[in-house]
Amino acid sequence: MEKGTGYLLVYGGAAVIVGGAALALASFYGGLAFPQPFSLAGDITVTLSNGATMHIPMPPQINQAANLSVFFLLLFFLLGAGTRLAGLGLKMLGKGPATKEEKPK
């Protein structure tokens, strides 16, 4: 049962990694739209301590940069989770990654 679970975790981790890579490729080649959690429209108005107000214009590039940052953060989290699953499966199979002491020179 332990070997079956190990193989299941290895294949599941590999599927998560391949799925994340496919999601990134589909997004970059236009097949899938990037997520849009940020949508700032208009200017930001800040009231200062002396009662004056200051208007800060928001260019559309701010939204694009914030949305791409969130996409990459989620993508790296997904790839990290797939790597952890595959590593756990390899440890269950007894073929875990070699440590520095075990690596041949």
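Residues numbered from 1 in each chain as written. Predicted model: local features only at pLDDT ≥ 70, side-chain atom pairs only at ≥ 80, totals over all residues. Heavy atoms only, no water.

Trainee: Please set out the side chain of Asn 63 residue by residue, giving values where relevant.
Mentor: The residue Asn 63 is located in helix H2 (residues 60-93) in this model. Asn 63 sits in the buried class, given a relative accessible area of 13%. Once residues lying within four places of it in the same chain are set aside, the contact partners of Asn 63 are Phe 38, Ser 39 and Leu 40. (Helix = DSSP H or I, 4+ residues; strand = E, 2+ residues; numbered from the N terminus. Buried < 20%, exposed > 50% of the residue type's maximum accessible area, 1.4 Å probe, protein only. Contact = heavy atoms within 4.5 Å.)

Trainee: Tell me about H2, residues and numbers included.
Mentor: Taking 1.5 Å per residue, 34 residues should reach 50 Å; H2 reaches 50 Å between its end C-alpha atoms and fits that length. What H2 keeps buried is the set Asn 63, Asn 67, Phe 71, Leu 75, Gly 82, Ala 86, Gly 89 and Leu 93. Buried-residue contacts for H2 involve helix H1 (2-28). Looking at the residues trailing H2, positive phi occurs at Gly 94, about 85°. (Expected span 1.5 Å × (residues − 1).)

Trainee: Please set out the pairing of strand E1 (residues 44-47) residue by residue, giving values where relevant.
Mentor: Strand direction decides the pairing type here: E1 and strand E2 (residues 53-56), joined by 4 bridges, are antiparallel. Across the sheet, the residue bridging to Thr 45 is His 55, located in E2. Connecting the antiparallel pair E1 and E2 is a turn made up of 5 residues, with Gly 51 showing a positive phi of about 95°. (Pairing = 2+ DSSP bridges.)

Trainee: Any details on the environment of Gly 19? Residues and values, ideally.
Mentor: Note that Gly 19 resides in helix H1. Between the C-alpha atoms of Gly 19 and Leu 79, which are 60 residues apart in sequence, the distance is 8.9 Å.

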